[in-house]
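Given next are the chains, with one letter for each unit.
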Amino acid sequence: MSERKEPMINFTLDGQPLSAQPGQTIWQAARDAKISIPHLCHSDGLTPAGNCRACVVEIAGERALAASCCRTPREGMAVTQNNERVQRSQRLVLELLAAKAPEVAHTRNSELTQWREAKGIQQPRFARPVHTPAPDFSHPAFSVQLDACIQCMRCVRACRDEQVNDVLGIAGWGEHTRIAFDADETLGQSSCVACGECVQACPTGALATAKGVALIEEDETVDSVCPYCGVGCQVAYRVSEGRVIEALGRDGPANHGRLCVKGRYGWDYVSSPERLTAPLIRRAGVAKDPAQIDAVRRGELPLSALFREASWDEALDFAAAGLKRLRDSHPQGAASPLAGFGSAKGSNEEAYLFQKLVRQGFGTHNVDHCTRLCHASSVAALLEGIGSGSVSNPVADVARSDFVLLIGANPSSNHPVAASFIKNAVKRHHAKLVVADPRRQPLVQHAWRHLAFRPDSDVAMLNAMLHVIIEEGLTDPDFIAARVKGFDAVKAAVADCTPERMSDICGLAPDTLREVARAYATARAAMIFWGMGISQHVHGTDNVRALIALAMITGQIGRPGTGLHPLRGQNNVQGASDAGLIPMMLPNYQRVVRDEVRAHFSQLWGAGFDAAGDQPGLTVVEIVHAAYEGRIKGMYIEGENPAMSDPDLDHARAGLARLEHLVVQDIFTTETAILADVVLPASSHLEKWGSYTNTDRLIQPGRPAMRPPGQARQDLWTLEQIARRIGLDWHYWRDEDGTGHAAAEAPVARVYEEMRQVMAPLAGVPWARLQREGAVETPAAREDEPGDAVLFMQHFPTPDGLAQLMPTRFTPGPEQPDADYPLVLATGRVLEHWHGGAMTRRASVLDALSPQPLISLHPEDAATLRLQDGQVVTMSSRHGVVQAQLQISPEVQPGQVFLPFCYWEAAANTLTGSALDPSGKIPGFKVTAVRLEA
């Protein structure tokens, strides 16, 4: 149902007819018509303030001049800019502001300088300020030089209204009035999260990227997308002399110009001296040993003692020969000794070609990637329940919600731009936010209720809410009758899950459980977001089944502002899964067990594929177990680092070291690469073409801004070279050279167009459209229509169109605290780092902001254990031991501990077990019994 459009408002500007949409200002309408009006305190995305008065215009019949950034036109209004009165006022304002600025701006892109030049203003007639604050260079990301500040307040509004971080404000009075961070702290000591929104908003360079970057003129600007989380922010990279010098937020559908600290300042890992620039082959006679990982990381063992450099031909021949030998000397299909791990950080095209290589070239479905370790349980429950593993509504739809349940996710660290939209929904639209998380995460301060439930009790808490909704008649009977089956089974399963009974398990007051359940069920539009705090459990699939039931029995799906949204972890988890980089599904979630599906792919791909058989392959953890047991003997790992990301890490590393032949393709010598037989230098996100699908199902192009360093090659080229050497007749690359980047678009487009043949959601998105529009929502059935932002409006993609509810029962997980291990450890991410840290630990700003692992412990537990803040402690579990510095923090509850998993010095997954969710085959990272000692 299309929304009714209000009529346009017609007015004139300097006699020229213009039209404005309802709510648009005169300034916005003029900008849309390519008419320039000076402005300094206003820019797109910010709430108009009208405090600089540079944009004044004259309105017929009114005595005073009006700020065009604040004023909305009326039908028939006559507006004038080009008369002497207005021009004199604009010039005077600009001259007064110029008198406050230094003679030489701190940025080449000073808007004040540009408007001065446009208006012909030379040296200001007015005296410069006597008192100017000293510059502040205390932060590694950006500098503060308030001698250039004109107090336009754009930075304050960007921080307060857009990112809702509330760090920036005003201090002092009179001529000493100034922009301040927190309670007038230095920037480096403040609570600033370095999202850089203030830097991007500043029109004069008073706030600018550190090291004088704003004064460097770029040779070109390349539009691409961020390589980190699943939000999919669009980025413009400024490039000078072949190197990226700065990242700016673009007005993309997922970010509208916003970025976080990783997207804005975390790109220089690509220029790290640790980049792989030549192929490596393990030295003859040097055995693989997990102990080599820490020895190399500590600088005790040089890489040259393990590997020698090789030519590309030698390395490719060696890599392919080992894989081919194992394939040809053993059974294929389910008994194959080969497996492959692809990457959710690579492009859709790389994911598609990698899984095709494993299936067609290796003859097995043993192919997986890191979604198995983050959202496999979510996908399993969603496919089972509603026939689709995709999100129902985009993040931006939260603006239409009046109730938001955020459970098991910390977007302030993991998806900061998404967190800003959630905060906007609370602040601007008065949505009720409920944060369900054992930790007191940053979004709690914006929440209506914080459900600090006991770890591992998710199902009990959610079943109590289901019980209340059903018992009190708050369901949507019409929606259930028309679109849901299995309701009676869920009703029976939660009949005895009263808030009083479940309170004893989850630790929440019965009245609180009732209050939140009622608010969700009776909301006009309620949306559920969740993350790995829900999925990374041995009962993760049950957690998501309960969330699906909440949405279905209340009809909170299929409309704007409602639905189910698992926040995807990495930049292309959604796309890699869509492209078939999972062991039980071919591209577009077509199950390998179905004869007609395999027949179709056999016809498309030809020789080799049939040998993969009709049984699903092994998953990530199962493959590593099989390697330890000797059943998997050879692996090809592209862009994954299981030696950091897998559970029970000592066991995982031992399994990888036992492989007869391990080929690793990566941009760094990761922990996994240290155990390889051959290492192939890869291209980074900034060095190649590709498409990426974000958490919203939005497919966007990534474009190269640099060339790969040294001998590093395009990843698709490397995959094709391996494929040819093991007998596949692939020719995506023709005359193009795998060393370059500009000419690499053509082979990427060929892979993409082949992928589109088997992926119906991309039917209406040819490569040309994707490049032209820059972002297309999927599924998109037609080339001449937008894709579907909101799914499941009429039916679900199940055989009968109905959602299938599955009852759940609370069962404690295997990791229970006891006298020996009395604390519960949860692992996760910190704002400044990503995943295993391979990229962000090599990004200079990010590593400077968060250089070491910290174990968070509640003050009460610290007092009981007689431990001090900053003390080095030993943390032990039933699986391993790590050491790290203690951080006493009230963010965790008594009895809980938190440790990020991105630091090799204290590899958190050394502590976690490998018990799996039976449906999603995902390990339980979030609940591990541990003890702490000095």
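Because the structure is predicted, anything quoted here is derived from the model rather than measured.

This brings us to the overall build of the protein. Regarding its fold elements, the protein presents 29 helices and 37 strands. Radius of gyration (C-alpha) of the protein: 29 Å, near the 30 Å computed for a compact globule of 934 residues. Projected onto its principal axes, the C-alpha coordinates of the protein cover approximately 90 × 70 × 65 Å. For the protein, the residues scored as buried account for 62% of the 934 residues in total. By sequence separation, contacts in the protein at least 24 residues apart represent 73% of the contacts at least 6 residues apart. Put simply, the protein shows about 34000 Å² of open surface, and 50% of that area lies on carbon and sulfur atoms. Across the protein, the mean location of the 90 positive side-chain charges is 3 Å away from that of the 107 negative side-chain charges.

Before going further, it helps to spend a moment on the packing of aromatic side chains. Under the criterion given, the structure shown has 11 aromatic pairs. Taken together, a centroid distance of 6.4 Å and an interplanar angle of 45° make the contact between phenylalanine 601 and phenylalanine 609 tilted. With respect to class, phenylalanine 601 is no different from phenylalanine 609; both count as buried. With 5.8 Å between their ring centres and 70° between their planes, tryptophan 730 and tyrosine 732 make a pair best called edge-to-face. Here the two residues tryptophan 730 and tyrosine 732 agree in accessibility, since each one is buried. Among the aromatic side chains, those forming a connected cluster through ring pairs are Tyr352, Phe601, Trp605 and Phe609. Residue placement shows arginine 439 over the ring face of phenylalanine 898; its charged tip is 3.7 Å from the ring centre.

Bringing the pairing of strand S29 (residues 698–702) into the picture now. Of all five residues making up S29, five are buried, and the element is well covered by its neighbours. Along S29, one buried face is formed by Leu698, Gln700 and Gly702 and the opposite face, lined by Ile699 and Pro701, is buried too. In this structure, strand S28 (residues 690–693) lies alongside S29, joined through four bridges in antiparallel fashion. When the bridges of S29 are listed, tyrosine 692 appears paired with glutamine 700.

The strand order around the closed barrel built from six strands is S32-S36-S33-S35-S34-S37, with neighbouring strands paired in mixed fashion. Each strand of the sheet is rotated relative to its neighbour by a mean of 45°, with strand direction disregarded. Across two bridges, strand S33 (residues 854–857) lies against strand S36 (residues 896–900) in antiparallel orientation. Opposite leucine 857, over in S36, you have valine 897 as the bridge partner.

Attention now goes to the environment of threonine 912. Residue position: threonine 912 is located in the loop between S36 and strand S37 (928–933). Considered as a pair, threonine 912 and isoleucine 407 are 505 residues apart in the sequence and their alpha carbons are 22 Å apart. Not counting the four nearest positions on each side in its chain, threonine 912 is found in contact with Pro647, Asp648, Thr827, His879, Phe925 and Thr928. At 3.3 Å, the side chain of threonine 912 and the side chain of asparagine 909 are in polar contact.

Let's shift gears to helix H2 (residues 84–99). Counted at 1.5 Å a residue, the expected span for H2 with its 16 residues is 22 Å, and the 22 Å between its end C-alpha atoms agrees. Lining the buried residues of H2 we find strand S3 (56–59), strand S5 (78–80) and helix H3 (111–118).

On the surface, a nonpolar cluster with roughly 240 Å² of combined accessible area is contributed by Leu92, Leu96 and Phe126. Relative to the helices and strands, leucine 96 is located in helix H2. With a relative accessible area of 41%, leucine 96 lands in the partly exposed category.

What follows deals with the sheet that holds strand S17 (residues 403–407). Read from one edge of the open sheet, five strands run S19-S18-S17-S21-S22, paired in parallel fashion. Of all strands in the sheet, those with a lone pairing partner are strand S19 (449–451) and strand S22 (563–566), marking the two edges. The mean inter-strand angle of the sheet, taken between neighbouring strand axes irrespective of direction, is 15°. As judged from the five bridges shared by S17 and strand S21 (residues 526–530), these two strands associate in the parallel manner. Paired with leucine 405 across the bridge in S21 is isoleucine 528.

Attention now goes to the side chain of arginine 756. If you trace the backbone, arginine 756 turns up in helix H26 (residues 745–756). Here the side chain of arginine 756 touches glutamate 753 through a polar contact of 2.8 Å, side chain to side chain. Excluding residues that lie within four positions of it along the chain, arginine 756 makes contacts with Leu762, Ala763, Gly764, Val765 and Pro766.

What counts and how
- Residues numbered from 1 in each chain as written.
- Predicted model: local features only at pLDDT ≥ 70, side-chain atom pairs only at ≥ 80, totals over all residues.
- Heavy atoms only, no water.
- Helix = DSSP H or I, 4+ residues; strand = E, 2+ residues; numbered from the N terminus.
- Rg over C-alpha atoms; globule rule 2.2 N^0.38 Å.
- Buried < 20%, exposed > 50% of the residue type's maximum accessible area, 1.4 Å probe, protein only.
- Contact = heavy atoms within 4.5 Å.
- Areas by Shrake-Rupley, 256 points an atom, 1.4 Å probe, with all protein chains shown as cover.
- Lys, Arg positive; Asp, Glu negative; His and termini not counted.
- Charge placed at Lys NZ, Arg CZ, Asp CG, Glu CD.
- Phe/Tyr/Trp six-rings, centres within 6.5 Å; stacked < 30°, edge-to-face > 60°.
- Lys NZ or Arg CZ within 6 Å of the ring centre and 35° of its normal.
- Pairing = 2+ DSSP bridges.
- Axes fitted to C-alpha atoms, helices over the stretch in contact; angles between N-to-C directions.
- Polar contact = N/O pair within 3.5 Å; in protein donor to acceptor, adjacent residues only side chain to side chain.
- Expected span 1.5 Å × (residues − 1).
- Patch = residues over 30% accessible without salt bridge, like charges linked within 9 Å, V, L, I, M, F, W, Y side chains within 5 Å.
- Salt bridge = Lys/Arg side-chain N within 4 Å of Asp/Glu carboxyl O.

Bear in mind that shape data such as this cannot, by itself, settle questions of function.
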